[in-house]
Amino acid sequence: TNDANFYGFNANSWWDINVYKQTVDYWRPADETNDLGPNTNGYYPKPYLSLEDRKNKEISTRYMQDASYLRLKSVTLGYTLPSYILKNTGVGNARIYISGENLLTFTKLTGLMDPEGLSTLNTGYGIGKMHPLRKVYAIGLNITF
């Protein structure tokens, strides 16, 4: 994939350069003196910030990843109050519930990509390039009078 998120500092253009926790895992020599220190076992290649410099952009299988996944997308747990509790309240039915979305994802794919986003069309902004899915929780009460 040509995904700018995946290349981190070695993106296609200045607009695509991303700095995430995962993308600072790039090769740095043993004598590196910056705040990040040396990293001779870095996953990503040494960054070249010149847009004209296309080093480290050769086609390679180095970054191929298994995009299979298992996801718990949505769960709702509820409890309907028994009618004998509601008998003298004027309420016909009451149900309490809690629900959650995007609760768990099991994948070996880098945290910079969502496995579901990989199947979308490449719009020029990169395959799978998207914000991480947010977990959503809800608590509710359904009442019928």
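Residues numbered from 1 in each chain as written. Predicted model: local features only at pLDDT ≥ 70, side-chain atom pairs only at ≥ 80, totals over all residues. Heavy atoms only, no water.

Digging into a nonpolar patch on the surface
Stage number 1. Together, Leu70, Leu72, Leu104 and Phe106 make up an exposed nonpolar region whose accessible area comes to about 390 Å².
Stage number 2. For the nonpolar patch, the secondary-structure elements that each account for two or more residues are strand E1 (69-80) and strand E2 (93-107).
Stage number 3. Position of Leu70 among the secondary structure elements: in strand E1.
Stage number 4. Exposure remark for Leu70: the relative accessible area of 57% places this residue in the exposed category. (Patch = residues over 30% accessible without salt bridge, like charges linked within 9 Å, V, L, I, M, F, W, Y side chains within 5 Å. Areas by Shrake-Rupley, 256 points an atom, 1.4 Å probe, with all protein chains shown as cover. Salt bridge = Lys/Arg side-chain N within 4 Å of Asp/Glu carboxyl O. Helix = DSSP H or I, 4+ residues; strand = E, 2+ residues; numbered from the N terminus. Buried < 20%, exposed > 50% of the residue type's maximum accessible area, 1.4 Å probe, protein only.)

Quick look at the sheet that holds strand E3 (residues 136-144)
Stage number 1. Sheet architecture is open: three strands sit in the order E1-E2-E3, paired in antiparallel fashion. Two strands in the sheet have a free side with no partner beyond their single neighbour: E1 and E3. Across this sheet, the average inter-strand angle for adjacent strands is 15°, counted without regard to direction.
Stage number 2. Bridge analysis of E2 against E3 gives nine bridges, and the strand direction is antiparallel. Bridging across to E3, Glu101 finds its partner in Val136. (Pairing = 2+ DSSP bridges. Axes fitted to C-alpha atoms, helices over the stretch in contact; angles between N-to-C directions.)

Re the side chain of Ser99
Stage number 1. On the secondary structure map, Ser99 appears in strand E2.
Stage number 2. Aside from chain neighbours lying at most four places away, what touches Ser99 is Val75, Thr76, Val136, Tyr137 and Ala138. (Contact = heavy atoms within 4.5 Å.)

In short, geometric facts, not functional conclusions.
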